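Spelled out, the chains give:
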Amino acid sequence: MSSTESANDVTSSTSKELRRVVLSSYLGTALENYDFLLYVTAASLVFGKVFFSGLPPVAATIASLGTLGAGYLSRPLGALIFGYVGDRFGRKPALVWTLIIMGAATTLTGLLPTSQQVGALAPILLVTVRVVQGICVGGEWGGAALMAFEHAPERHRGFAASFVNAGQVSGTALGVGLLALFSLLPDEQFMSWGWRIPFLLSAVLVGVGLWIRLGIAESPLFIDQQRNGRGAGDVEDVPLWSVLRRPKSFLLILFALLGPFLLTAGIGSSFGLAYARQNGLDASAVLGITFVASVVCIPFAPLAGALSDRYGRRGIMIGGLVGAIVFIYPFLLMTGSGDTGPTLIAFIVLYAFIITPIFAVSVAFLAEQFETSSRYTGASLGFQLASTVGGGFGPAALASLLAVQNGGIGLILVLVIGTCLLSVLAIILTSSRRLPATSGVVTAQEGAS
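Note that the structure is predicted; figures quoted are calculated from it, not measured.

Another point: the overall build of the chain. Within the chain one finds 22 helices and two strands. Against the compact-globule benchmark of 22 Å for 449 residues, the chain has a radius of gyration of 21 Å, which places it among compact chains. Considering only C-alpha atoms, the chain reaches an extent of 65 × 40 × 35 Å along its principal axes. Sorting the 449 residues of the chain into buried and exposed places 58% on the buried side. Split by element, the accessible area of the chain, about 16100 Å² in all, is 69% carbon and sulfur. Measuring between centres, the 25 positive side-chain charges of the chain sit 3 Å from its 22 negative side-chain charges.

Okay, here's the thing in structure tokens:
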């Protein structure tokens, strides 16, 4: 860590301001994730029929899931753009702009014409708004994570940062819950207009999120860095260069998150939902299962964050990955049974005891690998590149492996277990360190911009 991050220099927030920041990170990330995961769920259940209606069912599903890759490909670009803004000009402005643009893109998704109306232009427009979504999500996660992490005292940083993950899960529950509600409409009405309503509601939710985020203070660690100043024109002043000059931490966090992203975006979201649907469950049942599992797992995020403050980040992340290796085969058997009960239990176990603890702890884990001047860029870029590889292309890869095996799951098990083992090794090799304890106070008036 740099000398500017000594225990005597670094500032922290008052308890009241910290609660406001944590609430902002939670609600803002919930709204961002509502937008993004709404698309993931719709891609699994709706978009194949709406935007790829000229293809056979299996090919339409693969093509629909393939559009997820466009959003994930653009995530690293968002991490670079807003990482630079966040490291140079402040975390808060990056958060505000990502929320506004993300909400606009999601609202437009609900207005897109279908392939029956405009032919090949429909999937092109779909991919375009997905790219914009990906850029915003790539920039938003780092800002929300760092605002909570950097406002908190050292002994509670894991707990405070974990509310970002709780927000992600809550956003998933909100998006899936609304989609499930409208899926109760007759199939023809749901496919023609019902699925659009949750996307259009994003405009209202963005207004709420924007009001909350405009009222919080800037990160105290960022303000402290500005007070101490940096050499103008120095190459170290470029956050990306600071990250790339020390590639070990960056590469290790990239590999550490490949397994978790394959689990959450592939097994736990898009592919898992499509797999359950193909094995006999209707759309409303699948969405209802995802909603219940998401709600149940919300309190597991702060619990995991608090435990990481006491026992360390790496052990909890490794434990979750080992649990995934053990549980992946039973999960596929249960979700492939065509019965609601076993499928619900499978998703609850996966969400609450595997995915949520890993990602709740990963926020502080990533933040502790970088200095303040490059933390937004380093943490965001590592996180988003892992999401691009593991989450963006994982669902289509899993669907393709299932098709190649005519419904068999052997190759799927090999891919998931192998990727999780790679992540375990990367986590073991990362440094176990924490930022110094904080002292002093930054008020909302000083930190507001």
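Here the focus is the environment of Ser 400. Mapping Ser 400 onto the fold places it in helix H20 (residues 394-404). The spatial distance from the C-alpha of Ser 400 to the C-alpha of Thr 107 is 30 Å, given a sequence separation of 293 residues. A polar side-chain atom of Ser 400 sits 2.8 Å from the main-chain carbonyl oxygen of Ala 396.

Turning next to the packing of helix H14 (residues 258-278) against helix H21 (residues 410-429). At a closest axis distance of 7 Å, the pairing of H14 and H21 adopts a crossing angle of 145°. Note on element contacts: H21 touches H14 through Ile 412, Leu 415, Val 416, Thr 419, Cys 420, Leu 422 and Ser 423, opposite Leu 258, Gly 259, Pro 260, Leu 262, Leu 263, Ile 267 and Phe 271. Each residue belonging to the contact of H14 with H21 can be placed in one class, and the counts come to eleven nonpolar, three polar and no charged.

Turning our eyes to something else, we now look at the state of the cysteines. The tally for this structure, following the rule as stated, stands at zero disulfides. Here Cys 420 stays unpaired: no disulfide links it, and the sulfur of Cys 297, its closest cysteine neighbor, is 17 Å away.

The next thing to look at is the pattern of salt bridges. Two side chains that carry opposite charge are able to pair once their charged atoms sit near each other. For the structure on display, the rule yields seven salt bridges. Among the ionic pairs, Arg 20 bridges to Glu 17, the shortest N-O distance being 3.4 Å. Here Arg 20 pairs with Glu 17, and both are found in helix H1 (residues 15-45), just three residues apart, close to one helical turn. We note a salt bridge from Asp 309 to Arg 313, for which the minimum N-O separation is 2.9 Å. The class of Asp 309 is buried, set by a relative accessible area of 13%. For Arg 313, a relative accessible area of 4% gives the class buried. Here the salt bridges share partners, and the residues they tie into one network are Asp 87, Arg 91, Glu 150 and Arg 375.

Here we take up helix H6 (residues 121-151). Over its 31 residues, H6 runs 46 Å from end to end, which matches the ideal 45 Å to within 8%, given 1.5 Å per residue. The element H6 is extensively covered by neighbouring structure, given that 24 of its 31 residues are classed as buried.

Ranked by size, the top nonpolar core spans 81 residues in total, and within it Phe 271, Leu 332 and Val 416 carry the most contacts. The greatest single-element share of this core, amounting to 16 residues, is contributed by helix H18 (residues 340-367). Judged by nonpolar contacts, the second largest core, of 35 residues, contains Val 46, Leu 126, Val 137 and Phe 190.

This next bit is on the confidence of the model for the chain. In this model, the chain carries a mean pLDDT of 84, and residues with pLDDT of at least 70 account for 91%. Counted against residues more than four places away or in other chains, residues 1-12, with its pLDDT under 50, gives 44 contacts. Across residues 231-235, where pLDDT falls below 50, the model places two contacts with residues more than four positions away in sequence or in other chains.

Our focus in this paragraph is helix H15 (residues 283-297). Residues lying three or four places apart along an α-helix face the same way, a consequence of the helix completing one turn every 3.6 residues. When the terminal C-alpha atoms of H15 are compared, their 21 Å separation across 15 residues agrees well with the 21 Å that a helix rising 1.5 Å per residue should span. Of the positions making up H15, those classed as buried are Ala 283, Val 286, Leu 287, Ile 289, Thr 290, Ala 293, Ser 294 and Cys 297. For H15, the buried positions fall inside an angular range of 155° around the axis, keeping them on one side. Where H15 begins, the capping side chain belongs to Asp 282, and its oxygen is found 2.8 Å from the backbone nitrogen of Ala 285.

When you line up the elements, Leu 366 lands in helix H18. Judged by relative accessible area, Leu 366 falls into the buried class, the value being 0%. With 53 residues separating them in the primary sequence, Leu 366 and Arg 313 have C-alpha atoms 9.8 Å apart. Setting aside anything within four residues of it in sequence, one finds Leu 366 in contact with Trp 141, Ile 253, Leu 257, Ala 379 and Phe 383.

Parameters at a glance
Residues numbered from 1 in each chain as written. Predicted model: local features only at pLDDT ≥ 70, side-chain atom pairs only at ≥ 80, totals over all residues. Heavy atoms only, no water. Helix = DSSP H or I, 4+ residues; strand = E, 2+ residues; numbered from the N terminus. Rg over C-alpha atoms; globule rule 2.2 N^0.38 Å. Buried < 20%, exposed > 50% of the residue type's maximum accessible area, 1.4 Å probe, protein only. Areas by Shrake-Rupley, 256 points an atom, 1.4 Å probe, with all protein chains shown as cover. Lys, Arg positive; Asp, Glu negative; His and termini not counted. Charge placed at Lys NZ, Arg CZ, Asp CG, Glu CD. Polar contact = N/O pair within 3.5 Å; in protein donor to acceptor, adjacent residues only side chain to side chain. Axes fitted to C-alpha atoms, helices over the stretch in contact; angles between N-to-C directions. Contact = heavy atoms within 4.5 Å. Nonpolar A, V, L, I, M, F, W, Y, C, P; charged D, E, K, R; others polar. Disulfide = S-S within 2.5 Å. Salt bridge = Lys/Arg side-chain N within 4 Å of Asp/Glu carboxyl O. Expected span 1.5 Å × (residues − 1). Core = buried A, V, L, I, M, F, W, Y, C linked by side-chain atoms within 4.5 Å. pLDDT = per-residue confidence, 0-100. Arc of directions from axis to C-beta.

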